[in-house]
Amino acid sequence: MSRNTLVILWMALLALSLRPVAPIERAAEWLSVPMRLVSALAAPLNLSRTAQAGSEEDQALAQSARQLLQREQASVVPADPSLVQERNLIHAEIVDRGAAGEDRLIVRHAAAAPVQVGLPVVAGSAYVGRVIEVGRAGTVLLPGEARIELITREDARVEARTQNAVLILGGLCSQSRDGARARQLAVHAQQGELVPGETVRVGERVDPMSGAAVLANGYTIGTLVPRPHGGREGWSVAPVIDYRGGLGQVLILAPQNTASAADLLVHDPLERAGWFSARLALAATPCFWRETRRLHAGTRQGLSSGACVAARGHYLGRLEQTEWLVSDVRLLEDPGSSVLVLADFGVEDAPLHLGLLHTRSFDRATGRLELEWQAGVEALRQVALRRNRRVDLYTGSGDRWVPAGLRIGSTELSASRTEQLLVITRPAWVAGTVEVDVWRPQQQESGS
Amino acid sequence: MKRARPQHWLALFVWLLLALLAQSALGGRWMPDLCLVLLISLAARMEEREAALAALLAAFVRASFTGEGWIVAGAGLLGAVLLVLSVRSFLEVSAPLYASLMMFALVFAVSGFGWLAAAARAYWAQAGSVAGPASAAWAQVALSSAGLAALACWIVPRLPGLSPLVSRKW
């Protein structure tokens, strides 16, 4: 083989590295299958560096995660009894934020619950949006799932009231100078006297045309904010919740004369039924700047790309690519990876969804993990209301491939900075573990 | 010239495997890139064709244990070996000083290329972003690898099973 041939070979590999060609990639994967088997055979040589902790600690962690999820469910029930009367409350968990665009979410509820198109959706005493599609057999949405449209969607409209005025609002205002983090709802029509700072609540007309929308009457949307536009008087509404990242569980309001609604979620995501035990090829990666691992399990075992990888109740990462026998795991520590996060402020405060956090850096020697949080003003307001700023971070709802309630670590939140770097010290065993569990939601659902 | 036989390639395979396992088990902030050090220390004294085969073998071993695809690993390691083959015609790259300097540069080049390829693949797959390595971590691995390369240029060709792969015909 001459130098020229080697250079041509190298340039071909170089081009294929930067611009992968699917058939060649597949052929390359098949060619490397025997080598993958070698890595499986070498597994006994692979010793994790740190001893595993006892099962008591794991059980305590699972117990606290369950309590957190129960508190999260409880926190979406309105404290005001008048908002609960004459309505059926149906718990639902957001399982997909990205599949239907930012203003449309997919939720999962008890399959027997009487969910219908048009029913309002709330979280605590705050109005969220309405159901626009209900899952049935043979449709994209599965039975027990529904698509909801947030009030932030451009064409969403809701009739609302203040002390002395009636408003029609919905959709977002054009971005303010504070950027995307200070999002406000647009007021399209108004009648009566408006006062800055007044609370805006849903106030649909009670007539047969309104349908189920009146069930949301009394739920809060936000506060009135003056918004002069082109020299004329204008108004907007600052919402009470963070519609982008602050939602994990919601309530669907149904008429009281419908069949009884299940008051709990369909299943416990921490149940063993949904997990598949597997083994990593190496406890660490030779590539010093990435935190990826090879897993000795793949599509043959029913695993899918995107599935969550965990160990002893801790979130590790997710499958980036799955092949027949092996998969690639991208750990949370890998710079650029992201996860939906739920913050636990302790038993006295309700948990708070922080939204999507991105990994900035990880130091293998100290276990120091830095996560970036782009906090919205609504989220900062919620943090300011909490007594405790020291929080435990867990995975949150919103991704059907990552169950809520897996521990990430502890950190401290600020109530004033919109761009925060959350520092977490990962336990030493997390980086060295080779025994992991992979989430298989389809198995979990059939099990429950 | 000694002729490399299958058992010598098997020996190289085993040494590469052990290097990866050791790197995984001992991994820390100053852990050198053992696989790269082993390959380059050997390639500096191999024939061109065999050095290229060694690079591809190392890429296969590396890819079988990590998330890095073998095409990317192959491009990175073959590129490093080609650079060594080019430089050794006017520089004694198996001398400790030059071996260290060469290794220091190659750690940046190979991992920099790996990052570039990962970022390009994430872009084409629309699969989020891949952040680059921290400069401190990069420098630590480059320094430790360079330090080890000064010793490895002497030790590696003498490792059991590898001496038949070494040649001076260039």
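Residues numbered from 1 in each chain as written. Chains lettered and ligands numbered in written order. Predicted model: local features only at pLDDT ≥ 70, side-chain atom pairs only at ≥ 80, totals over all residues. Heavy atoms only, no water.

### Things to note about the overall build of chain A
Stage number 1. Each helix and strand in chain A was counted, giving 7 helices and 24 strands.
Stage number 2. For chain A, the proportion of its 448 residues judged to be buried stands at 53%. (Helix = DSSP H or I, 4+ residues; strand = E, 2+ residues; numbered from the N terminus. Buried < 20%, exposed > 50% of the residue type's maximum accessible area, 1.4 Å probe, protein only.)

### Topic: the overall build of chain B
Stage number 1. Scanning chain B from N- to C-terminus turns up 6 helices and 0 strands.
Stage number 2. Ordering the α and β elements of chain B from the N terminus gives α-α-α-α-α-α.
Stage number 3. Expressed as a percentage of its 170 residues, the buried residues of chain B come to 59%.
Stage number 4. A separation threshold of at least 6 residues defines the contact pool for chain B, and within that pool the share at least 24 residues apart is 75%.
Stage number 5. Looking at chain B as shown, the accessible area adds up to about 7,000 Å², and 69% of this sits on carbon and sulfur atoms. (Contact = heavy atoms within 4.5 Å. Areas by Shrake-Rupley, 256 points an atom, 1.4 Å probe, with all protein chains shown as cover.)

### Considerations on the packing of helix 2 (residues 34–43) of chain B against helix 4 (residues 70–87) of chain B
Residue and element names in this part refer to chain B.
Stage number 1. One can describe the packing of helix 2 onto helix 4 by two numbers: an axis separation of 10 Å at closest approach and a directional angle of 35°. For the pair helix 2 and helix 4, the sense of crossing is right-handed. When helix 2 is examined against helix 4, the residues Leu-36, Leu-39, Ile-40 and Ala-43 are found in contact with a partner set consisting of Leu-77, Ala-80, Val-81, Val-84 and Leu-85.
Stage number 2. Of the residues in the contact of helix 2 with helix 4, the class split is 9 nonpolar, no polar and no charged. (Axes fitted to C-alpha atoms, helices over the stretch in contact; angles between N-to-C directions. Left-handed = near helix turned anticlockwise from the far one by under 90°. Nonpolar A, V, L, I, M, F, W, Y, C, P; charged D, E, K, R; others polar.)

### Some details on the packing of aromatic side chains
Stage number 1. Across all of its chains, the model carries 5 aromatic pairs over all chains by this definition.
Stage number 2. Ring centres 5.1 Å apart and planes at 55° place the aromatic pair Trp-275 of chain A and Trp-439 of chain A in the tilted group. Of this pair, Trp-275 of chain A sits in strand 13 (residues 275–279) while Trp-439 of chain A sits in strand 24 (residues 435–439), and the two are 164 residues apart along the sequence.
Stage number 3. Accessibility expressed as a relative area gives 10% for Trp-275 of chain A, which makes it buried.
Stage number 4. Since its relative accessible area comes to 4%, Trp-439 of chain A is described here as buried.
Stage number 5. A cation sits over an aromatic face here: Arg-19 of chain A above Trp-124 of chain B, 3.6 Å from the ring centre.
Stage number 6. Against the face of Phe-345 of chain A rests Arg-386 of chain A, its NZ or CZ located 5.1 Å from the ring centre. (Phe/Tyr/Trp six-rings, centres within 6.5 Å; stacked < 30°, edge-to-face > 60°. Lys NZ or Arg CZ within 6 Å of the ring centre and 35° of its normal.)

### Focus on the confidence of the model for chain B
Stage number 1. Summing up the model confidence of chain B, the mean pLDDT is 85 and the portion of residues at 70 or higher is 89%.
Stage number 2. What the predictor reports for the complex is a pTM of 0.80 with an ipTM of 0.89. (pLDDT = per-residue confidence, 0-100.)

### Looking at the pattern of salt bridges
Stage number 1. Considering all chains together, one arrives at 27 salt bridges over all chains under this definition.
Stage number 2. One salt bridge connects Glu-25 of chain A with Arg-121 of chain B, and the closest N-O pair in it is separated by 2.8 Å. Here the residue Glu-25 of chain A occupies a position in helix 2 (residues 22–31), and Arg-121 of chain B occupies one in helix 5 (residues 96–125), the pair thus bridging two chains.
Stage number 3. On the basis of relative accessible area, Glu-25 of chain A is assigned to the buried category, the value being 17%. (Salt bridge = Lys/Arg side-chain N within 4 Å of Asp/Glu carboxyl O.)

### Quick look at a nonpolar patch on the surface
Stage number 1. A surface patch of nonpolar side chains, amounting to about 250 Å² of accessible area, comprises Leu-10, Val-14 and Leu-18 of chain B.
Stage number 2. Looking at the secondary structure, you find Leu-18 of chain B in helix 1 (residues 6–26). (Patch = residues over 30% accessible without salt bridge, like charges linked within 9 Å, V, L, I, M, F, W, Y side chains within 5 Å.)

### Quick look at the interface of chain B and chain A
Stage number 1. On the chain A side, the residues contacting the 50 residues of chain B number 46 residues.
Stage number 2. Buried area between chain B and chain A, both sides added, is near 4,300 Å², and the carbon and sulfur share of it is 68%.
Stage number 3. For chain B, the biggest contributors to the area lost against chain A are Ser-24, Phe-65 and Ile-71 of chain B; these three give 14% of the whole.
Stage number 4. Our count for the chain B to chain A interface comes out at 2 salt bridges.
Stage number 5. When residues of the side of chain B that touches chain A are assigned to their parent elements, the largest contribution, 11 residues, is made by helix 5 of chain B. (Buried area = accessible area lost by both parts, 1.4 Å probe.)

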